[in-house]
Amino acid sequence: MLTNEPNSLHKLEPCAEEMQLLIQQASNLVINYLSNITNEPASNISNLDSHLTEIRKPISEEGLNLDRVLPLIDKHVVRCAVNTAGGTYQAYIPGGGIFASAVGEFIAAATNRYIGVWSIAPAAVEVETSVIRWLCSSVGYPESARGILTSGGSLANFSAIVTARCALLPENFLSGIIYASDQVHASVQKAAMLAGFPSANIRVIETDKQFRINPSLLLTAIEKDKQADLTPFLIVGSVAKENNMWLHIDAAYGGFFVLTERGRKLFKGIDKADSITLDPHKGLFLPYGTGCLLVRNGELLKQAHQVGASYLQDLDLTEDRMNFNDYSPELTRSFRGLRVWLPLKLYGVASFRQYLDEKLDLALWACEELKKIPGIEIIAEPQLSVVAFRCKPKTGNLTTANKKLLELIIATQKTFISSTTINGEVILRIAILCFRTHLAEVQATIDAIKSNIEIED
Ligand SMILES: Cc1ncc(COP(=O)(O)O)c(C=O)c1O
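What comes next is a walk through the structure. (Residues numbered from 1 in each chain as written. Predicted model: local features only at pLDDT ≥ 70, side-chain atom pairs only at ≥ 80, totals over all residues. Heavy atoms only, no water.)

**Topic: the nonpolar core**
Part 1 of the argument: Leu135, Ile161, Tyr179, Phe197, Leu278 and Leu294 are the most contacted members of the largest nonpolar core, which has 82 residues in total.
Part 2 of the argument: At eight residues, the largest contribution of residues to this core is made by helix α5 (residues 122-138).
Part 3 of the argument: Counting the residues that make up this core, at least three belong to each of domain 2 (113-334) and domain 3 (351-456).
Part 4 of the argument: In this structure Ile161 touches Ile178, Val188, Ala191, Ala192, Ala195, Phe197 and Leu234, once residues within four positions along its chain are discounted.
Part 5 of the argument: Phe389, Leu406, Ile409 and Ile417 belong to the second-largest nonpolar core, a separate cluster that totals 23 residues. (Core = buried A, V, L, I, M, F, W, Y, C linked by side-chain atoms within 4.5 Å. Buried < 20%, exposed > 50% of the residue type's maximum accessible area, 1.4 Å probe, protein only. Helix = DSSP H or I, 4+ residues; strand = E, 2+ residues; numbered from the N terminus. Domains from an automatic or database assignment. Contact = heavy atoms within 4.5 Å.)

**With respect to a nonpolar patch on the surface**
Part 1 of the argument: Residues Leu22, Ile23, Val30, Ile31, Phe99, Val103, Phe106 and Ile107 make up a contiguous nonpolar surface patch of about 630 Å² in total accessible area.
Part 2 of the argument: Only α1 (16-34) and α4 (99-111) provide two or more residues apiece to the nonpolar patch.
Part 3 of the argument: Within the secondary structure, Ile23 is located in helix α1.
Part 4 of the argument: According to the relative accessible area criterion, Ile23 is partly exposed, its value standing at 40%. (Patch = residues over 30% accessible without salt bridge, like charges linked within 9 Å, V, L, I, M, F, W, Y side chains within 5 Å. Areas by Shrake-Rupley, 256 points an atom, 1.4 Å probe, with all protein chains shown as cover. Salt bridge = Lys/Arg side-chain N within 4 Å of Asp/Glu carboxyl O.)

**Notes on the site of the ligand**
Part 1 of the argument: For the ligand, the set of nearby residues contains 13 residues, the closest of which are Gly153, Ser154, Asp250, Asp279 and His281.
Part 2 of the argument: In the model, a nitrogen atom of the ligand is placed 2.6 Å from a nitrogen or oxygen of the Asp250 side chain.
Part 3 of the argument: Interatomic distance of 3.1 Å between a side-chain N/O atom of Lys282 and an oxygen atom of the ligand.
Part 4 of the argument: Residue assignment for the shell around the ligand shows that the elements contributing at least two residues are α6 (153-168) and α10 (280-283).
Part 5 of the argument: Element by element, the count of residues in the shell around the ligand is highest for α6, at three residues.
Part 6 of the argument: When the residues that make up the shell around the ligand are grouped by side-chain class, the tally is three nonpolar, seven polar and three charged. (Near = heavy atom within 4 Å. Polar contact = N/O pair within 3.5 Å; in protein donor to acceptor, adjacent residues only side chain to side chain. Nonpolar A, V, L, I, M, F, W, Y, C, P; charged D, E, K, R; others polar.)

**Remarks on α5**
Part 1 of the argument: With 17 residues, α5 extends 24 Å between its outermost C-alpha atoms, agreeing within 8% with the 24 Å of an ideal straight helix rising 1.5 Å per residue.
Part 2 of the argument: Buried within α5 are the following residues: Ala124, Val125, Val127, Glu128, Thr129, Val131, Ile132, Trp134, Leu135 and Cys136.
Part 3 of the argument: Summarising the contacts, the buried residues of α5 are in contact with β1 (146-150), β6 (275-278), β7 (291-295) and α12 (336-371).
Part 4 of the argument: The first or second residue beyond α5 is Gly140, which carries a positive phi of 85°. (Expected span 1.5 Å × (residues − 1).)

**Remarks on the sheet that holds β6**
Part 1 of the argument: Taken in spatial order, the seven strands line up as β1-β7-β6-β5-β4-β2-β3 in an open sheet, and their pairing is mixed. The outermost strands of the open sheet, each flanked by one partner alone, are β1 and β3 (202-205). Across this sheet, the average inter-strand angle for adjacent strands is 20°, counted without regard to direction.
Part 2 of the argument: Running at roughly 115° to β1, α5 makes contact with β1, β6 and β7 of the sheet. (Pairing = 2+ DSSP bridges. Axes fitted to C-alpha atoms, helices over the stretch in contact; angles between N-to-C directions.)

**Concerning helix α7 (residues 186-194)**
Part 1 of the argument: Of all the positions in α7, only Ser187, Val188, Ala191 and Ala192 are classed as buried. End-on view of α7: buried residues confined to an arc of 140°, all on one side of the axis. Exposed and oriented more than 90 degrees from the buried face of α7 are Lys190, Met193 and Leu194.
Part 2 of the argument: At its buried positions, α7 is contacted by α6, β2 (176-181), β3, β4 (231-236) and β5 (246-251). (Arc of directions from axis to C-beta.)

**Brief notes about the side chain of Arg436**
Part 1 of the argument: Summarising the element assignment, Arg436 is placed in the loop between β11 (425-431) and α14 (439-456).
Part 2 of the argument: For the buried Arg436, which has no salt bridge, the nearest side chain bearing the opposite charge is Glu441, at an N-O separation of 8.7 Å. (Lys, Arg positive; Asp, Glu negative; His and termini not counted.)

**Considering the pairing of β5**
Part 1 of the argument: Within β5, five of the six residues are buried, which leaves it mostly tucked inside the rest of the structure.
Part 2 of the argument: Sheet topology note: the β4/β5 ladder contains three bridges and is parallel. Within β5, the residue paired with Val236 across the bridge is His248.
Part 3 of the argument: The pairing of β5 with β6 spans four bridges and is parallel. By the bridge assignment for β6, His248 is matched with Ser275.

**Observations regarding the packing of aromatic side chains**
What describes a pair of aromatic rings is the distance from one ring centre to the other and the angle between the planes of the rings.
Part 1 of the argument: Taken as a whole and assessed by the stated rule, the structure comprises seven aromatic pairs.
Part 2 of the argument: On the basis of an interplanar angle of 50° and a centroid distance of 4.9 Å, the ring pair of Phe173 and Phe197 is categorised as tilted. Pair noted here: Phe173 is in the loop between α6 and β2 and Phe197 is in the loop between α7 and β3, with a separation of 24 residues, a long-range link.
Part 3 of the argument: Exposure remark for Phe173: the relative accessible area of 16% places this residue in the buried category.
Part 4 of the argument: Among the residues examined, Phe197 registers a relative accessible area of 2% and is labelled buried.
Part 5 of the argument: Here the aromatic rings of Phe197 and Phe233 are separated by 5.4 Å at their centres, their planes lie at 25°, and the arrangement is stacked. Of this pair, Phe197 sits in the loop between α7 and β3 while Phe233 sits in strand β4, and the two are 36 residues apart along the sequence. When sorted by exposure, Phe197 lands in the same class as Phe233, which is buried.
Part 6 of the argument: Through a chain of ring-to-ring contacts, three or more aromatic side chains come together here, namely Phe285, Phe352, Tyr355 and Phe435. (Phe/Tyr/Trp six-rings, centres within 6.5 Å; stacked < 30°, edge-to-face > 60°.)

**Focus on the side chain of His76**
Part 1 of the argument: Looking at the element boundaries, His76 is found in helix α3 (residues 66-78).
Part 2 of the argument: There is a polar contact of 2.9 Å between the side chain of His76 and the side chain of His51.
Part 3 of the argument: When residues no more than four places from it in sequence are discounted, the contact partners of His76 are Ser50, His51, Glu54, Ile55 and Pro71.

Now the structure itself:
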């Protein structure tokens, strides 16, 4: 029965006091957890079955009170995980999660502004546009550049490949060839696959001792493909532009170091790339779900993604307005701009620069400390904030020894690092990018290595 009187239909529309209570209880959970995060174990996935049993309990018709649900989230979800928000997380590529960004996200989600089309929320679109403008100027891009905030680096790489494909290849694009180094992130291969390229269209170019693409091998591969009547059109990497091809730089991990003086020198020439992937949920310390693609000639990004629709006819779609849906695979999505804009406004760029500089220093420090440990061999000195190393036991199998060492390090629960395989060899790596990683946390990693490597000797 329709009525204006409060009834069960109003459950989804809490009053001011109810909203206060919800926020207060949820923020108590978050603040309790975060204010003690340095003492949390680096990983805590024991008793998994009991956690999963709680989570799998069926969703009821009537619902539960928040004071029943929040402890479930706290105990069985938040605390049952590798602590990826903690400074002890030095594996893969660490993410961020700065609190002010979460607050921005909360405001964005609760007020639910629609930013796919300029005229629906012009000021919110301006917030996101100004973030993109700042990102473009950080890499030295001209006014004509445009960009989109994506869910992460993978989707940014996907849109980059689609944009390059549309700019340089005909509709039937299967003669197009993509070149990337043997160290390229797997998301690039996945993006190429999703963009319609079979794996036979991807050339994997060998790298040198510092894991950088070998330019002469690249040129040879391009020439060979041209002679075979194929169409080299895209290089993913960090070499100079060749043959009018599209140069995409996947700077998802390292891109934000461009804000530092040392990074700026290393990234010299980045502004010549046709497109750049950055991942604010890595190097800008924001919560997961915040990636970015920048395209030097913004018009090409638009041409690759714009599809009109008759039901949008009432909207002001004036060409010079920023209608993000014309530049992105997404139509409706969250207002990602606010979670980037708010912390930048609050803390200023200098704070981010200081944190990034600290990460560069910590990686150098970790490398020097590793060199002092008997039985450790450095595989790659940090170019930014990752150190690759392995143990070399006097006897026994290298792979077994390094896998065992990694297991023992993780079992300490004081740190969490990861491994990779290069040329068939298992290599351990310390990746320092979490904003909560300071000297004490890297010292803990070094201590864990020291105290467990002795067993290997
Ligand atoms: C160099 C590089 N590119 C792309 C990605 C994929 O980014 P995401 O996980 O945000 O999709 C990563 C993730 O670690 C990365 O390090």
